[in-house]
Amino acid sequence: MKLNKKPKHIVILTGAGISAESGIMTFRDSNGLWENHSVYEVASPDGFQRDPELVHRFYNLRRQQLLSGEVHPNPAHLALSKLQEKFNGIVTIITQNVDDLHERSGSRNVIHMHGELLKMRCIETGRSLTIKKDIHATTPCPCCLKEGNLRPHIVWFGERPMHMDKIDTELHSCDLFVAIGTSGHVYPAAMFVDTARERGVQTIEINLESTQISDSFDFHLVGNASVETEKFVEELLT
């Protein structure tokens, strides 16, 4: 892999593939169901309105797994943290993941476009709060003190991803775009590579296999995120 020039501002998009190696489960079976419930029942505003207790139970289990002590940052997370620390320029991480593994590895300047599992949001005030315990439909909101006003700080189906203005600014100022462990199926993230290419920015994809948008990238590195990201970072820093 030979870049046209040494970059000064790198934007890195990470997806489920980078967290999978840390043991993050999808909580869905091969049919896309969780305990015989459609994912839309636990990840949509309508589903939350119909059965908030079911939705809270779904996210309580995911939060318990993340905090169980069995899930840790893997070499890919650590490599990106090292890149941010050692690189003579700007490294911005945009993640589709709702876990905190980037932060645990020491990364900073992380943009969570799909929300954060360890946060809840007050429906009345819009304020987000860090909460690591189980939440129920009757849990009083620490913000407004009312029961039933807490919802997961997660982007659900039909909702706009978070921080899109900031993401757009980053994509229009970077000179290298890298996607790691992304499927290429989820929009608008799948279009970020096109935004970069329109400006003549070089693009790199790191993934276990080719995706439906692989042809949009200048370079495609195939393999485990932990292995390929480490190699990429070492090459970039030397």
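Residues numbered from 1 in each chain as written. Predicted model: local features only at pLDDT ≥ 70, side-chain atom pairs only at ≥ 80, totals over all residues. Heavy atoms only, no water.

1. A look at the environment of Asp165
With respect to the helices and strands, the residue Asp165 is situated in helix α7 (residues 164-171). Of the residues examined, Asp165 reaches a relative accessible area of 61% and is grouped as exposed. Put simply, Asp165 and Met113 are 52 residues apart on the chain and 11 Å apart in space, counted from C-alpha to C-alpha. (Helix = DSSP H or I, 4+ residues; strand = E, 2+ residues; numbered from the N terminus. Buried < 20%, exposed > 50% of the residue type's maximum accessible area, 1.4 Å probe, protein only.)

2. Looking at the sheet that holds strand β7 (residues 128-130)
Strand order in the open sheet made by the three strands is β7-β6-β8, with antiparallel pairing throughout. Looking along the sheet, the strands with just one partner apiece sit at the ends: β7 and β8 (150-154). Taking the axes of each pair of neighbouring strands and ignoring which way they run, one obtains an average angle of 45° across the sheet. Docked against the sheet, helix α4 (residues 52-66) engages β6 (115-122) and β8, running at close to 140° with respect to β6. (Pairing = 2+ DSSP bridges. Axes fitted to C-alpha atoms, helices over the stretch in contact; angles between N-to-C directions. Contact = heavy atoms within 4.5 Å.)

3. Quick look at the state of the cysteines
What the rule picks out here adds up to zero disulfides. Of all cysteine sulfurs, the one in Cys122 lies closest to Cys141, which takes part in no disulfide; the gap is 3.7 Å. (Disulfide = S-S within 2.5 Å.)

4. Observations concerning empty space enclosed by the protein
Taken as a whole and assessed by the stated rule, the structure comprises one cavity of 30 Å³ or more. Volume-wise, the largest cavity comes out at about 70 Å³. As for the largest cavity, its lining consists of 13 residues, and the residues nearest its centre are Leu13, Thr182, Ala189, Ala190 and Ile213. (1 Å grid on protein atoms, 1.4 Å probe; cavity = no way out; pocket = protein on both sides within 12 Å on 5 of 7 lines; lining within 4 Å. Points joined across faces, edges and corners; volume = space filled by probe spheres on them.)

5. Details of the packing of aromatic side chains
Summed over all chains, the structure comprises four aromatic pairs. Centroid distance Phe48 to Trp156: 5.4 Å. Interplanar angle 40°. Geometry classified as tilted. Here the residue Phe48 occupies a position in helix α3 (residues 45-50), and Trp156 occupies one in the loop between β8 and α7, the gap between them amounting to 108 residues. Considered together, Phe48 and Trp156 belong to a single accessibility category, that of buried residues. Sitting above the plane of the Trp156 ring, Arg151 keeps its charged end 3.8 Å from the centroid. (Phe/Tyr/Trp six-rings, centres within 6.5 Å; stacked < 30°, edge-to-face > 60°. Lys NZ or Arg CZ within 6 Å of the ring centre and 35° of its normal.)

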